[in-house]
Amino acid sequence: MLDSLIVPLLVTTDLPPDADLAEFGVLLAETARTLPFDAFLAGRVFWLDRPVLPEQRPAAETELRFAAMLGYVAASGSGHETREVVTTVRRAATSAIAARYGAGAAAPAVLAIRERDIHERTPDTALYVDTRDATPDLVTATRAYL
């Protein structure tokens, strides 16, 4: 078994109103490939839209939409610290979101959270995403938490 650190994560950002949730999830999951260590990111993405009254629908076409991902990042190798892994994921996610959405999106917040929060707060309708073709040992270790 591979030596790794698995960190429960919350990633949130505002996206342009026409953004696709599944595309956003894949974008985040694939950022694991850009990290300076072997990594696997898996989780579920969903919209955190503000509550609106029926007469307020549809939302304004120019209004940003709040998206979130709750999941895990696994960092291969010994000596990793949670803070370092979260900071590295934040940098990679910020670069990927800026490259894809430009000024139409906000820089993401990337936070280490409690594992329990992932299970309690992920909506049933959230879409599952993960890093494709990641190291099998990292995938196996992380999926045990999902």
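Note on numbering: residues in each chain are counted from 1, in written sequence order. Where totals are concerned, whole chains, interfaces and linings use all residues; where local detail is concerned, this predicted model gives features only for residues with pLDDT of at least 70, and gives and counts side-chain atom pairs only at 80 or more. To get the side-chain values, all heavy atoms of the structure are used, and hydrogens and water are removed first.

(A) View of the nonpolar core. Leu 9, Phe 24, Leu 41 and Val 89 are the most contacted members of the largest nonpolar core, which totals 29 residues. Secondary structure elements with two or more residues in this core: strand 1 (4-15), helix 1 (21-30), strand 2 (39-47), strand 3 (65-76) and helix 2 (82-101). Here a strand is any run of E in DSSP of at least two residues, a helix any run of H or I of at least four, and the numbering for each starts at the N terminus. The element best represented in this core is helix 2, accounting for 7 residues. Val 89 has contacts with Leu 9, Leu 35, Leu 41, Val 73 and Val 110, leaving out every residue within four places of it along the chain. Core analysis: the second largest hydrophobic core is formed by 14 residues, Ala 42, Ile 118, Ala 134 and Leu 138 among them. To qualify as a nonpolar core, a set must consist of buried Ala, Val, Leu, Ile, Met, Phe, Trp, Tyr and Cys residues joined through side-chain atoms within 4.5 Å. The rule is simple: take the accessible area with a 1.4 Å probe, protein chains only, and divide by the maximum for that residue type; under 20% is buried, over 50% is exposed, in between is partly exposed. In this description, contact between two residues means that some pair of their heavy atoms is separated by no more than 4.5 Å.

(B) Broad picture of the sheet that holds strand 5 (residues 127-130). When DSSP finds two or more bridges between a pair of strands, those strands are recorded as paired. Across the sheet, 5 strands lie side by side as 4-1-3-2-5; this open sheet has antiparallel pairing. Strands at the two margins of the open sheet, each flanked by one partner only, are strand 4 (109-112) and strand 5. Adjacent strand axes in the sheet meet at a mean angle of 20° when their direction is disregarded. In terms of strand pairing, strand 2 meets strand 5 through 4 bridges, oriented antiparallel. Opposite Val 45, over in strand 5, you have Leu 127 as the bridge partner. Between N-to-C directions, angles cover 0 to 180 degrees, with each direction set by a line fitted to C-alpha atoms, over the stretch in contact for helices.

(C) Just the packing of helix 1 against helix 2, in detail. One way to put it is that helix 1 packs onto helix 2 with a least axis distance of 9 Å and a crossing angle of 140°. Compared by their axis directions, helix 1 and helix 2 come out oblique. When you trace helix 1 past helix 2, the crossing you get is right-handed. Across the interface between the two elements, Glu 23, Phe 24, Leu 27 and Leu 28 from helix 1 touch Ala 93, Ala 96, Ile 97, Arg 100 and Tyr 101 from helix 2. We call two directions roughly parallel when the angle between them is under 35 degrees, roughly antiparallel when it is over 145, roughly perpendicular when it lies between 65 and 115, and oblique otherwise. Throughout, a crossing is termed right-handed when the near helix is turned clockwise from the far one, and left-handed when it is turned anticlockwise from it by less than a right angle.

(D) Seen up close, helix 4 (residues 136-143). Residues Leu 138, Val 139, Ala 141 and Thr 142 constitute the buried set of helix 4. Looking straight down helix 4, one finds that the buried residues subtend no more than 170° of arc, so they occupy a single side. Summarising the geometry of helix 4, the exposed residues directed more than 90 degrees from the buried face are Pro 136 and Thr 140. If you follow the buried residues of helix 4, they end up packed against strand 1, strand 2 and strand 3. This arc is taken over the directions from the axis of the helix to the C-beta atoms.

(E) Representation of the pattern of salt bridges. For this analysis, a salt bridge means a side-chain nitrogen from Lys or Arg found within 4 Å of a carboxyl oxygen belonging to Asp or Glu. The full count for this structure, using the stated rule, is 7 salt bridges. A salt bridge links Glu 30 to Arg 33, with the shortest nitrogen-to-oxygen separation between them at 2.3 Å. Salt-bridge contacts for Glu 30 lead to Arg 132; the nearest nitrogen and oxygen are separated by 3.4 Å. Residue Glu 30 is located in helix 1, and its partner Arg 132 is located in the loop between strand 5 and helix 4; the two are separated by 102 residues in the primary sequence. Under the relative-accessibility criterion, Glu 30 is labelled buried at 13%. Several salt bridges share partner residues, and in doing so they unite Glu 30, Arg 33 and Arg 132 into one network.

(F) The arrangement of the packing of aromatic side chains in detail. Pairing of aromatic side chains here covers Phe, Tyr and the six-membered ring of Trp, requires ring centres within 6.5 Å, and sorts the geometry by plane angle: under 30 degrees stacked, over 60 edge-to-face, intermediate tilted. The tally for this structure, following the rule as stated, stands at 1 aromatic pair. Ring centres of Tyr 72 and Tyr 145 lie 5.6 Å apart, and the angle between their planes is 40°; on these two criteria the pair is classed as tilted. Of this pair, Tyr 72 sits in strand 3 while Tyr 145 sits in the segment after helix 4, and the two are 73 residues apart along the sequence.

Geometric descriptors of this kind do not, in isolation, establish any biological role.
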